[in-house]
Amino acid sequence: TEHAFARATPGMEAARVPDLPVVVVESGEETTLHAWAAGRPVILDFWTSRCTRCPAALAKLNAFKLKHGDIACAAVNLDSLDNATMMAEEDDVAELEHLFMDMATKEEAKAAFSFAQVPFVVAVHASGALAAASPGTSADLPAMAAALAAVEAAGPGENDAAAVNAPPEGQLVLDEDF
């Protein structure tokens, strides 16, 4: 089910890309997720090496990237820099940028983006405003691109927005990865 980030209301704190530490796998550069994403629309796919659904979700994002070169797309590994490095070498994810978060940062990311399973996909506007989120296997990537465009059309501050609509309380969620 697609999670939507609600429109901002007066006095509501903006939902933005958090300043979480990441490693850019290809270069080894240490930066933050906020700094890495700054100034460009991005779609992030959070994954772990134990996740059986994640490779297909990453391949889906890679195919999307081939058609949407104006949106940065990244695979964000949450458990192993070595496995993130190996994944970055795979042909079916060659168009993606690859990031790594350590286990402690993973917990912060889960809280910041309100997810409890991987793969999990988040769309972030160039302003840093969160636009949409969804479990990776059911992510409607064209709809996420449309959500990014809607934030752009709304103008600065119009959609700089709020909280994730979390899954209903008591909903069964497959959580084999955490």
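Read on for an overview of the structure. (Residues numbered from 1 in each chain as written. Predicted model: local features only at pLDDT ≥ 70, side-chain atom pairs only at ≥ 80, totals over all residues. Heavy atoms only, no water.)

**Some details on the pattern of salt bridges**
Stage number 1. Tallied over the entire structure, the rule returns 4 salt bridges.
Stage number 2. Of the charged contacts, one joins R40 and E97 as a salt bridge, the two residues approaching to 3.1 Å between their closest N and O atoms. Here E97 lies in strand β6 (residues 97-100) and R40 lies in the loop between α1 (33-37) and β4 (42-47), a separation of 57 residues in the sequence.
Stage number 3. Residue class for E97 comes out partly exposed when judged on its relative accessible area of 28%.
Stage number 4. Between K106 and E107 there is a salt bridge; the shortest N-O distance is 3.9 Å.
Stage number 5. Looking at K106, the relative accessible area reads 5%, which means it is buried.
Stage number 6. Ionic contacts of the salt-bridge type, sharing partners, join the residues K106, E107 and K110 into one network. (Salt bridge = Lys/Arg side-chain N within 4 Å of Asp/Glu carboxyl O. Helix = DSSP H or I, 4+ residues; strand = E, 2+ residues; numbered from the N terminus. Buried < 20%, exposed > 50% of the residue type's maximum accessible area, 1.4 Å probe, protein only.)

**What about the environment of E29?**
Stage number 1. Relative to the helices and strands, E29 is located in the loop between β2 (21-24) and β3 (30-32).
Stage number 2. For E29, a relative accessible area of 44% corresponds to the partly exposed category.
Stage number 3. Once the C-alpha coordinates of E29 and L99 are considered, the two residues, 70 residues apart in sequence, prove to be 9.7 Å apart.

**Quick look at the nonpolar core**
Stage number 1. L33, W36, I43, L44, F46, M101 and F113 are the most contacted members of the largest nonpolar core, which has 54 residues in total.
Stage number 2. When residues of this core are assigned to their parent elements, the largest contribution, 6 residues, is made by helix α5 (residues 141-154).
Stage number 3. Among all residues touching F46, those that are not within four sequence positions of it are V76, L78, M101, A109, F113, F115, V118, P119, F120 and V122. (Core = buried A, V, L, I, M, F, W, Y, C linked by side-chain atoms within 4.5 Å. Contact = heavy atoms within 4.5 Å.)

Function cannot be read off these values alone, since they describe shape.
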